Amino acid sequence: MSLIGNIIWLIFGGFLSGLAYIIGGLTTCLTIIGIPFGVQAIKLGVATMTPFGRRDYVSPDYSNTLNTIFNVIWLLLFGWEIAISHLVHGLILAITIIGLPFAKQHFKLIPIALFPFGRELR
């Protein structure tokens, strides 16, 4: 079931969204300071391409000082916008019964979009 969900997801916008995250991440990696943020954007892009069948995994070093600092910077610069985007798309998809599984995937991506350092979809 997750294969079919991922294929439908990719056809109806998941591929373009993931590609946009990856291109944004690569662009951010052009500066030395932006490399950690670019890597997280690329990770988010890969997670956005195939969210079905994956779960949010929090690594054991999630709450270390460096991850916390990077998560706060990410939240202020990028995270809140990405999270609002996933929230709005999820709410729009939740209007119909057919869109509910896709809305659930958008809601699953919100915590990763807010605080990506130390988190991933597995």
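As a reminder, the structure under discussion sits directly above these lines.
Residues numbered from 1 in each chain as written. Predicted model: local features only at pLDDT ≥ 70, side-chain atom pairs only at ≥ 80, totals over all residues. Heavy atoms only, no water.

Draft legend 1. Quick look at helix H4 (residues 100–114). Its 15 residues give H4 an end-to-end C-alpha distance of 22 Å, which sits within 8% of 21 Å, the value for a rise of 1.5 Å per residue. What H4 keeps buried is the set Phe 102, Ala 103, Gln 105, His 106, Lys 108, Leu 109, Ile 110, Ile 112 and Ala 113. Buried residues belonging to H4 abut helix H1 (2–28), helix H2 (35–49), strand S1 (56–58), helix H3 (65–93) and strand S2 (119–121). (Helix = DSSP H or I, 4+ residues; strand = E, 2+ residues; numbered from the N terminus. Expected span 1.5 Å × (residues − 1). Buried < 20%, exposed > 50% of the residue type's maximum accessible area, 1.4 Å probe, protein only. Contact = heavy atoms within 4.5 Å.)

Draft legend 2. Expanded view of the nonpolar core. If you look at the biggest cluster of nonpolar residues, it comprises 17 residues, and the most contacted ones within it are Trp 9, Leu 44, Trp 74, Ile 82, Leu 109, Ala 113 and Leu 121. Looking at this core, the elements that each hand over two or more residues are H1, H2, H3 and H4. With 5 residues, the single largest contributor to this core is H4. The residues contacting Leu 44, other than those within four sequence positions of it, are Tyr 21, Trp 74, Ile 82, Ile 112 and Ala 113. (Core = buried A, V, L, I, M, F, W, Y, C linked by side-chain atoms within 4.5 Å.)

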